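Results of the structural survey
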Amino acid sequence: MTKREQNILALALVVGVVFAATQGLPAARAWYSQGAARVEQLQTEIAREQRLQEMAADWAERRAGVEAREAALEAMLFQETSIPLISASVQRLVRDLAGATGISITSTKLAESMETGGWLLMEQELSLLTDNQENMLRLVRSLESATPWVAVSSFSVCRNRNEYAGTLTVVGFSRTDASRAGPAG
């Protein structure tokens with residue numbers, strides 16, 4: 001190799017080193033930074049997935065609890081969707097429980113209802129008669145533990161010689177047909 005070829009080769013080597021220093025190093029740094037950022041992103045995603053897997057059992061347990069609670073609450077509702085049918089069901093339930101506790105129902109007022117937001121509320125007032133005041137308390141307890149659930153909204157009793165007469169107002173709930181259908185999907 002001649003001196004001139006050696007000079008050209010040295011110059012090419014210097015140009016190559018300068019080029020590598022000015023172009024190659026920044027490109028390598030950018031490639032390394034992108035790789036490091038991607039690794040960090042993957043580590044974050046892996047940690048998130050691991051947390052989600054750990055929480056999956058908890059969420060499944062919560063879901064089962066909510067579904068059980070929903071079923072229990074659904075059992076507390078009257079299944080009828082029209083006002084006359086709910087009124088008849090409320091009256092039948094109260095009559096059955098009153099008869100089981102030794103109370104006579106002497107009269108019933110016309111049921112009042114209210115519908116809002118997919119729910120029907122039925123309020124029924126009944127006149128009661130018994131010879132033992134303990135029967136009234138047993139009736140109230142049995143109403144509040146009945147299925148479907150009937151709430152006692154008002155209750156009054158007065159003694160008349162050897163009998164106890166009173167009025168009882170109960171409330172029952174039902175859903176309308178539209179709310180039973182659930183959300184469209």
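Below is a short write-up of the structure. (Residues numbered from 1 in each chain as written. Predicted model: local features only at pLDDT ≥ 70, side-chain atom pairs only at ≥ 80, totals over all residues. Heavy atoms only, no water.)

1. Section: the overall build of the protein chain
Regarding its fold elements, the protein chain presents four helices and five strands. Listed by position from the N terminus, the elements making up the protein chain come as α-α-β-β-β-α-β-β-α. Whereas a compact globule of 185 residues would reach a radius of gyration of roughly 16 Å, the protein chain reaches 40 Å, over 25% beyond that. If you line up the protein chain on its principal axes, its C-alpha atoms span 140 × 30 × 20 Å. Put simply, the protein chain has 185 residues, and 22% of those count as buried. Here the contacts in the protein chain between residues at least 6 apart in sequence split such that 62% fall between residues at least 24 apart. Of the roughly 13,100 Å² that the protein chain leaves accessible, carbon and sulfur atoms contribute 58%. For the protein chain, the distance from the average position of its 18 positive side-chain charges to the average position of its 21 negative side-chain charges is 8 Å. (Helix = DSSP H or I, 4+ residues; strand = E, 2+ residues; numbered from the N terminus. Rg over C-alpha atoms; globule rule 2.2 N^0.38 Å. Buried < 20%, exposed > 50% of the residue type's maximum accessible area, 1.4 Å probe, protein only. Contact = heavy atoms within 4.5 Å. Areas by Shrake-Rupley, 256 points an atom, 1.4 Å probe, with all protein chains shown as cover. Lys, Arg positive; Asp, Glu negative; His and termini not counted. Charge placed at Lys NZ, Arg CZ, Asp CG, Glu CD.)

2. Focus: the environment of W149
Structurally, W149 is set in the loop between α3 (133-144) and β4 (151-160). Classification of W149 as partly exposed rests on a relative accessible area of 29%. Taking the C-alpha atoms as reference, W149 lies 9.5 Å from V90; in sequence the two are 59 residues apart. Residues within four places of W149 in sequence aside, it is in contact with M76, F78, E144, V171, G172 and F173. A polar atom in the side chain of W149 sits 3.3 Å from the backbone oxygen of E144. (Polar contact = N/O pair within 3.5 Å; in protein donor to acceptor, adjacent residues only side chain to side chain.)

3. Here's the deal with the packing of aromatic side chains
Per the counting criterion, the structure on display carries one aromatic pair. For the pair W149 and F173, a centre-to-centre distance of 6.3 Å together with 10 degrees between the ring planes defines the contact as stacked. One end of the pair, W149, is in the loop between α3 and β4; the other, F173, is in strand β5 (residues 163-175), with 24 residues separating them in the sequence. In this structure, R62 packs its charged tip against the face of W59, placed 4.7 Å from the ring centre. (Phe/Tyr/Trp six-rings, centres within 6.5 Å; stacked < 30°, edge-to-face > 60°. Lys NZ or Arg CZ within 6 Å of the ring centre and 35° of its normal.)

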